[in-house]
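Here's the letter readout for the chains.
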Amino acid sequence: MRVLTLLLLVSIASARRGVAQVVVPFRPGEVATYDVEFSGIGVGSGSIRVDSGPNIDGAATWILRFAVRGGIPFFRVNDVLESWYDPARQVSVRFAQEL
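1. A short note on the sheet that holds strand β2 (residues 41–52)
Reasoning step 1: With antiparallel pairing, the five strands of this open sheet are ordered in space as β1-β2-β3-β4-β5. Among the strands making up the open sheet, the edge pair consists of β1 (31–38) and β5 (91–98). Neighbouring strand axes in the sheet, compared pairwise and without regard to direction, differ in orientation by 15° on average.
Reasoning step 2: Strand direction decides the pairing type here: β2 and strand β3 (residues 62–72), joined by nine bridges, are antiparallel. Across the sheet, D51 pairs through a bridge with I63, a residue of β3.

Encoded structure:
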């Protein structure tokens, strides 16, 4: 009977804590940069950056920015893509791009 009572108390305590916090492999402030090559020749660079963002609909967000710049003659790229990411729900709540 004591074991059953203990299991019941543990399950109630677990239910009150709610959903476990999600672990993501990156945090605000992290930056990854890349060099872009075409046939062994450097033609540009790219970066991925994580910044703290505003609260959207009551949820804290991070802004994930992907930027790429460079190109070859007659084909230039200067693009920025941004995603407002809710780390608790692991969803994008807003998206913008500048091409």
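2. Some details on a nonpolar patch on the surface
Reasoning step 1: On the surface, Y34, I48 and F66 cluster together to form a nonpolar patch covering roughly 270 Å² of accessible area.
Reasoning step 2: Along the chain, the position of Y34 falls in strand β1.

3. Concerning the pattern of salt bridges
Reasoning step 1: Under the criterion given, the structure shown has four salt bridges.
Reasoning step 2: For the salt bridge of D51 with R49, the shortest nitrogen-to-oxygen distance reads 3.2 Å.
Reasoning step 3: On the basis of relative accessibility, which here comes to 18%, the residue D51 falls in the buried class.
Reasoning step 4: A salt bridge links R65 to E82, with the shortest nitrogen-to-oxygen separation between them at 2.5 Å. Of this pair, R65 sits in strand β3 while E82 sits in strand β4 (residues 75–86), placing them 17 residues apart in sequence.
Reasoning step 5: One continuous salt-bridge network, built from bridges that share partners, spans R49, D51, R65 and E82.

4. As for unusual backbone geometry
Keep in mind that most residues, glycine aside, have a negative phi and that most peptide bonds are trans.
Reasoning step 1: The backbone phi angle of S39 is positive, close to 55°, even though this residue is not glycine.
Reasoning step 2: Mapped onto the elements of the fold, S39 is located in the loop between β1 and β2.
Reasoning step 3: Accessibility expressed as a relative area gives 68% for S39, which makes it exposed.
Reasoning step 4: A positive phi angle is found at Q90, which is not glycine, with a value near 55°.
Reasoning step 5: Assignment of secondary structure puts Q90 in the loop between β4 and β5.
Reasoning step 6: Given a relative accessible area of 41%, Q90 falls into the partly exposed group.

5. Describing the pairing of β3
Reasoning step 1: Pairing geometry for β3 and β4, over eleven bridges, is antiparallel. Bridge pairing in β4 links R65 to E82.

What counts, and at which threshold
- Sequence positions are assigned chain by chain, starting from 1 and proceeding in written order.
- Reporting of local features is limited, given that this is a predicted model, to residues whose pLDDT is at least 70; pairs of side-chain atoms are given and counted only at 80 or more, and all residues count toward the totals for whole chains, interfaces and linings.
- No hydrogens and no water enter the side-chain calculation; it runs on all heavy atoms of the structure.
- What makes two strands pair is DSSP finding at least two bridges between them.
- Helical segments are the DSSP runs of H or I of at least four residues, strand segments are the runs of E of at least two, and each set is numbered from the N terminus.
- Axis angles are defined between N-to-C directions and span 0 to 180 degrees, where every axis is a line fitted to C-alpha atoms and, for a helix, only to the segment in contact.
- Note that patches include only residues with greater than 30% relative accessible area and no salt bridge, and the join distances are 9 Å for like charges and 5 Å for nonpolar side chains (Val, Leu, Ile, Met, Phe, Trp, Tyr).
- To be clear on the numbers: accessible area is Shrake-Rupley with a 1.4 Å probe, and residue cover counts the displayed protein chains and nothing else.
- Put simply, a salt bridge is a Lys or Arg side-chain nitrogen that is within 4 Å of an Asp or Glu carboxyl oxygen.
- Exposure categories follow from relative accessible area, calculated using a 1.4 Å probe and restricted to protein chains: below 20% of the type maximum is buried, above 50% is exposed, and the middle band is partly exposed.

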